[in-house]
Amino acid sequence: MKTELLIVGAGAAGIAAALSAWEAGCRDILLTDRRECTGGILPQCLHEGFGLAQYGAELTGPDYTDRITERLEHTGVRLVLGTEVLTIRGDKTALLSDRSGLTELHFERLILASGCRERTIGSLPVAGTRPAGIFTAGQVQEMMNLRGQNIGQEVLILGSGDLGLIMARQFVLTGKHVIAVVEKESRYGSMARNYHRCIVPYHIPILYRTTVAAIHGEGRISGVTLRHLDSGAEERLACDTLVTALGLIPERELVRGLGEPDWLFLAGNCHRVHDLVDSAVAEAEAIGTRVGGEFA
Amino acid sequence: MKQFDVIVIGGGLLGCFAARNLCRWKLHIALIEAREDVCTGISRANTAVIYPGYDHRPGSLKAKLTLRANARFGTLCEELDVPFSRCGSLMLSFGEKADEVLKKKYENGRMMGVPGLRLLSGREARELEPGLAPGVRSALYAPTAGTVNPWELGIAAAENAAANGAELFLNTRVLAIRQIADGYRIETDQEVFACRVVINCAGLQAERVQEFLLPSPVHIVPDGADYLILDKAAEHKPTHIVQYEPEDGGKGLTAVPTVEGSLLLGPSERENEIPFAVSEKGLAFVRERTESVLPDLDLGEVIRSFAAVRPNPQKGDGRSIVSFVIENPGPGFWSLIGIKTPGMTCADELGFYIAEKAAACLGAEGNEAFCPIRKGIRKARNMSPEQRGAAVRENPDYGEIICCCEDVTRAEVLEAIRRGAATLDGIKRRTGAGMGRCQGSRCQQKLLALLAQELGIPEDAVTKDGAGSELLGGGRHED
């Protein structure tokens, strides 16, 4: 199989890149995603705040996804969902896997729009046991909002980035108790907007200059030892769930080791982590226009 | 009452291999395990090394078994369809005293007949392994050292035992053992068993099990250790097992390029208060040691830390026992009570050794029908694109990726559940799902749903590793 332009990832950036490449004149675009739906992580983001610059409205993640997906339907971009890109080779070949088989795809240009993954607690030197009940914030967001899974009741959040604070609010709104948000710095890590919307109105405590030193619990997590970084003092706190928001890592394992060939472009969060979808989209559009123009 | 010829207590590596080898005779065999799966205790975490066996006392049981086990390990792993990497090991010296220690080990190994041993200069060692610290003075190279995944090995042995007729009883905890007229009566929290021979492979619980019968002269003191795992994509990973023992005694470092492609670093040394709880000091120790031995590694690529527990057998006076200890507290009752390093290397040999004793005791006939071959779950990641395409055409589930970090498909997960995985860890140990750089944060929720669906249980009954480790609901179950 062949295509002029392969775009990996049908989230906001991938779709934006596809739309602008189409508008720039490229007529042979294949857009793939491992999920069964478009939008990447947007469908699990039920809060509002997407697309202010683009659409002049604060949309929810699913609404925003509907808008961009509808625009995609008016183009001839081939959308392939439920498809994993297994490997990208230096000879401009991708190996795709889905339930119908394995496909070797030759492309001229590749736009990688594979988003990011979350840093997990495994990377931190945390002592104690390794029980059930520890999740990343994005994982919990998917579990609650897309799968209807109830993750726990007494929740401690480690890290005060945007995702951590947005989930803190959702926990409160769904009747869970947020014991505290724990942050090693002396200021929250999120945008001010999310702090004022998600934390202040619900009186959620943020413990600054504090970290989780140890995890307790044999089967399910039963608590943690907190360490206050300035005094060194430690205290034990009970919880049945630990949610981590330790930051995002651009997901570009697919092209690790390929260097920077002239046919490869990174768009959106896999290039650098953007605070706002508008900014990821603007970056992806510029790349789509440039790359699409080569085939006009 | 369930009647067997032989009952093996404990489904760790030793128990699984004892059961497998007992199947070489015409015997009615049961393997009893307290937990929800095999290999959930000591066997779930260790250094993963298949030792070349150069530092045992020539003529000792340990020396004999290790040498034979190492020579046969490739064949064993072929029989059981378990990945084995004979990557070789380098034991390093950074000082004059250590140079002498390596020379002694070399001489000892040569005397024992360990194949291929070579003493290398620091320069030669760095040629073989460019990431070593420049201060390396000499190294003992053992080409026969290797690595295997401990739980894959144990699960394979258990499956092979079951295929040859051994019966596996999970979630079955031994409460009492009594000697009866023609053997033993074993009471458990499930049912009562009777048998003529008992083989006690209960690991950390082996002393407790033996004391149902007689006071044990051997005490098991749990010995904890911490490990780090580096992502398979991390750069400058060694391709050999790298070992370092400091001159002033104390714990060194072992770095193992695992069969999964990641790098295992450890163990630290400490007394463990809670089994399997990681210590902060231990982690810092492993990091420091790694920085001094393999300075080019980026420890920012750590994806997980965990703790292992080893049974450290001691005599009544508190002295550690170095050799393998097999107790025989009653007729037809054997306790593999003090088997530490290289217990995994020797698991199949020890299994045969004890099975032979049991068979002789019972006057059992050989079982010509015994089949040593077990087929593992076919892993998509090990297939060529052509094989993989064919696999998907045959079974579309091979086309659907569930764990994207480790490239595990739905077909493998379903097969793992069919073979007995009843928990997330059970799936992880059989398929690798959740072991990669995102540590299951993208696949756990899918696995949870699949387990519930396949086992016909509600999602909130699905556990990480047995009752009490439910993944949903938390402690209060208020929803």
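Keep in mind the model is a prediction, meaning the values are calculated, not measured.

### So, the interface of chain A and chain B
The interface of chain A with chain B comprises 45 residues on the first partner and 51 residues on the second. Both sides of the chain A and chain B interface together cover about 3800 Å² of buried area, and 48% of this is carbon and sulfur. Where chain A touches chain B, the interface holds six salt bridges. Across the pair B:Arg437 and A:Glu253 runs a salt bridge whose closest N-O atoms are separated by 3.7 Å. Across the chain A-chain B interface, the total number found is 18 residue pairs in polar contact (both at pLDDT 80 or more).

### Digging into the domain arrangement of chain A
Size of an interface, as often reported, equals the accessible area lost when the parts are brought together. Residue and element names in this part refer to chain A. Assigned domains of chain A: these are domain 1 (2-117 + 249-293) and domain 2 (120-246). Opposite the ten residues of domain 1 that make contact, domain 2 presents eleven residues. When the buried surface of domain 1 facing domain 2 is broken down by residue, Gln-44, His-47 and Asp-275 rank first, second and third, together holding 53% of it. Counting across the domain 1 and domain 2 interface gives one salt bridge. For Arg-197, the salt bridge is made with Glu-58, and the minimal N-O distance between the two is 3.2 Å. Linking domain 1 with domain 2 are five residue pairs in polar contact (both at pLDDT 80 or more), by the criterion used here. A breakdown of the residues in the side of domain 1 that touches domain 2 according to their chemical character gives four nonpolar, three polar and three charged.

### A look at the pairing of strand β18 (residues 241-244) of chain A
Residue and element names in this part refer to chain A. Of the two faces of β18, the one holding Thr-241 and Val-243 and the one holding Leu-242 and Thr-244 are both buried throughout. Judged from the three bridges that link them, strand β11 (residues 134-136) and β18 form a sheet pairing that is parallel. Its bridge partner lying in β18, Thr-136 is registered against Thr-244. Note that strand β12 (residues 154-158) and β18 share four bridges and pair parallel. Bridge assignment links Val-155 to a residue of β18, and that residue is Thr-241.

### Considerations on the side chain of A:Asn194
Here A:Asn194 is to be found in helix α6 (residues 192-199). Filtering out sequence-adjacent residues up to four positions away, A:Asn194 remains in contact with A:Asp162, A:Leu165, A:Ile166 and A:Ile199.

### Some remarks on the environment of A:Arg227
Along the chain, A:Arg227 falls in strand β16 (residues 223-228). Note: C-alpha distance between A:Arg227 and A:Arg209 (18 residues apart in sequence) is 8.5 Å. Beyond its immediate sequence surroundings of up to four residues, A:Arg227 is in contact with A:Arg209, A:Thr210, A:Thr211, A:Ala213, A:Gly232, A:Ala233, A:Glu234 and B:Glu280. There is a polar contact of 2.7 Å between the side chain of A:Arg227 and the side chain of B:Glu280.

Thresholds, definitions, all that
- Residue positions are counted from 1 within each chain, in the order its sequence is given.
- The order in which chains are written sets their letters, starting at A; the order in which ligands are written sets their numbers, starting at 1.
- For this predicted model, a pLDDT threshold of at least 70 governs which residues receive local features, and a threshold of 80 or more governs which side-chain atom pairs are given and counted, while totals over whole chains, interfaces and linings are taken from all residues.
- Working from all heavy atoms in the structure, the side-chain values ignore hydrogens and water.
- Note on contacts: a residue pair qualifies if any of its non-hydrogen atoms lie within 4.5 Å across the two residues.
- Buried surface area refers to the total accessible area, computed with a probe of radius 1.4 Å, that the two partners give up upon joining, counted for both partners together.
- By definition here, a salt bridge exists when the distance from a side-chain nitrogen of Lys or Arg to a carboxyl oxygen of Asp or Glu is within 4 Å.
- As used in this structure description, the phrase polar contact means that two N or O atoms lie within 3.5 Å; if the pair is within protein, one of them must be able to donate a hydrogen and the other to accept it, and residues adjacent in sequence are counted only when both atoms belong to side chains.
- The domain boundaries here were taken from an automatic or database domain assignment.
- When residue character is reported, Ala, Val, Leu, Ile, Met, Phe, Trp, Tyr, Cys and Pro are called nonpolar, Asp, Glu, Lys and Arg charged, and the others, Gly included, polar.
- Only protein chains enter the calculation, and the probe is 1.4 Å; a residue is then buried if its accessible area is under 20% of its type maximum, exposed if over 50%, and partly exposed in between.
- Strands are runs of DSSP state E lasting at least 2 residues, helices are runs of H or I lasting at least 4, and numbering of each runs from the N terminus.
- By definition, two strands form a pair when at least two bridges between them are found by DSSP.

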